[in-house]
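For reference, the chains in residue letters:
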Amino acid sequence: MVLPIVEFRIDPWGAEVIREYDKLFKYFGIRPFKEVLNELAKITEPHLLMRRGIVFGHRDFEKVLEAVKKGERFAIVTGLMPSGKMHFGHKMLIDQIIFYQQKLGARIFLTIADAEAYAVRRLSRKELVDYAINEFVANYLALGLRTKDLTIYFQTNYRKEYYRLIQLFSRKVTMAEMTAAYGENIEPGKIIASLSQMADILHPQLEVFGGYKTVLVPVGADQDPHLRLTRDIADRFSAELGLERPASTYHRFITGLDGGKMSSSRPESYVALTDPPEEAGRKIMRSLTGGRATAEEQRRLGGRPEVCPVYEMHAYHLIQDDRELEKIYTDCKSGRMLCGECKLIAKERLVKFLEEHQSKLDRAREVAREIVEVPEF
Ligand code: TRP
Ligand code: SF4
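Residues numbered from 1 in each chain as written. Chains lettered and ligands numbered in written order. Predicted model: local features only at pLDDT ≥ 70, side-chain atom pairs only at ≥ 80, totals over all residues. Heavy atoms only, no water.

> Any details on the site of ligand 1? Residues and values, ideally.
Every residue close to ligand 1 is listed here: Val77, Thr78, Gly79, Met81, Ala113, Glu116, Gln197, Asp200, Ile201, Val217, Val219 and Gln223. At a separation of 2.8 Å, a nitrogen atom of ligand 1 approaches a polar side-chain atom of Asp200. Within the contact set of ligand 1, a nitrogen atom lies 2.9 Å away from a side-chain nitrogen or oxygen of Gln223. Here ligand 1 occupies the largest pocket. Those elements that place two or more of their residues in the shell around ligand 1 are strand E3 (75-80), helix H11 (188-202) and strand E6 (215-220). Of the residues belonging to the shell around ligand 1, the class tally is six nonpolar, four polar and two charged. (Near = heavy atom within 4 Å. Polar contact = N/O pair within 3.5 Å; in protein donor to acceptor, adjacent residues only side chain to side chain. 1 Å grid on protein atoms, 1.4 Å probe; cavity = no way out; pocket = protein on both sides within 12 Å on 5 of 7 lines; lining within 4 Å. Sits in = over half its atoms within 2 Å of the grid points. Helix = DSSP H or I, 4+ residues; strand = E, 2+ residues; numbered from the N terminus. Nonpolar A, V, L, I, M, F, W, Y, C, P; charged D, E, K, R; others polar.)

> Give me the lowdown on empty space enclosed by the protein, citing residues and values where you can.
In this structure the tally under the stated criterion is one cavity of 30 Å³ or more. Put simply, the largest cavity is a space of about 120 Å³. Residue lining of the largest cavity: 17 residues in total, with Gln298, Cys308, Cys332, Cys339 and Cys342 positioned closest to the centre. Where the lining of the largest cavity is concerned, the elements lending two or more residues are helix H16 (309-318), helix H17 (322-333) and helix H18 (339-358). The element best represented in the lining of the largest cavity is H18, accounting for three residues. Of the residues assigned to the lining of the largest cavity, the class counts are 10 nonpolar, five polar and two charged. (Points joined across faces, edges and corners; volume = space filled by probe spheres on them.)

> If you had to explain the site of ligand 2 to someone new, which residues and values would you point to?
Within the structure, ligand 2 sits among Thr289, Gly290, Gly291, Gln298, Cys308, Val310, Tyr311, Cys332, Met337, Cys339 and Cys342. A majority-of-atoms criterion places ligand 2 in the largest cavity. Mapped onto the shell around ligand 2, the elements with two or more residues apiece are H16 and H18.

> Describe the pattern of salt bridges, and please don't skip the residues or the numbers.
In this structure the tally under the stated criterion is 27 salt bridges. Note that Arg59 and Asp224 form a salt bridge whose closest N and O atoms lie 2.8 Å from each other. Within this pair, whereas Arg59 is found in strand E2 (residues 55-59), its partner Asp224 is found in helix H12 (residues 224-236), the two being separated by 165 residues in sequence. For Arg59, a relative accessible area of 8% puts it in the buried group. Residue Arg231 pairs with Asp60 through a salt bridge whose shortest N-O separation is 3.0 Å. (Salt bridge = Lys/Arg side-chain N within 4 Å of Asp/Glu carboxyl O. Buried < 20%, exposed > 50% of the residue type's maximum accessible area, 1.4 Å probe, protein only.)

Structural measurements only, silent on function.
Encoded structure:
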């Protein structure tokens, strides 16, 4: 029998765009998030990324709903790779974290994956620390992440029990499993990154870290290989350490303004949260769209919001009101609105958002330095 994992593999460290989200349901047993949306809506209004299907999949999300309904504590684990500027592709994740923190009272564990970034992105330690504090953590705080019930740590600078987990985990995973999950070019740095990510996700269950048995990990779909292995490891350590499987959710990636993956390595593909507002506005005005070759053709055939990076900026970030978004969609589809006008709406919102956001950044950087212990080298 051919393992499905071999026919369709996701590389969490690759630069490819995932186009076939459906396959994640078919091959890997990720469930449609739609299934749990109504239950969540009974507790609180789902975040716009959830309402709009951008968070499209989950595993075991029911566990989280149950915990919340019973008034039990639950924790979120999330991580960031401090390997460049924080852009709007990264913002989607923290928006969800803030939602869970504020609406459902989640305890947050936030990993700065500097060991992973050092191994796979090959930046200097000094650069990693600088990006982590001044780009990521500071932007998170300025976006509204609260410091109460929040633990932020560097993977290279945490408590000893966390490292003990990494060492224990190494015994119960085989090289064949690593290759099946990550591909033939798996190497020691990636193996350590993978084991560290398992410890990131599972450590809150240990008594010394609070004994959180319900843990949710919201991630981009590229992270699922890590989640699958982590679930297996949890099973293998259930008797010895009492570990349980984590729940997870999966979101789509936002398309870059140049049509590829939104990526820190191509400045024209992203808007960073620290881009000067005017420059960000110019990037939007130069973006690829789902428009037609001529205005006449667009009036006649309508635009294609389904393949338009500007529409994604509206839907993922800039427009909160669902009816307003729907109007943009129908005005585009019907050809009533052309791309120039639509981009101007996006630009105006974006500039306003960034001005407000950036006015909070200096203070947020101070707080970031106060609350995070920085590794000495
Ligand atoms: N690998 C993740 C990324 O590339 C970062 C990460 C490290 C992470 N540890 C984690 C994400 C734990 C979620 C949970 O972005
Ligand atoms: Fe994209 Fe707006 Fe043009 Fe439609 S009108 S294709 S949503 S830029």
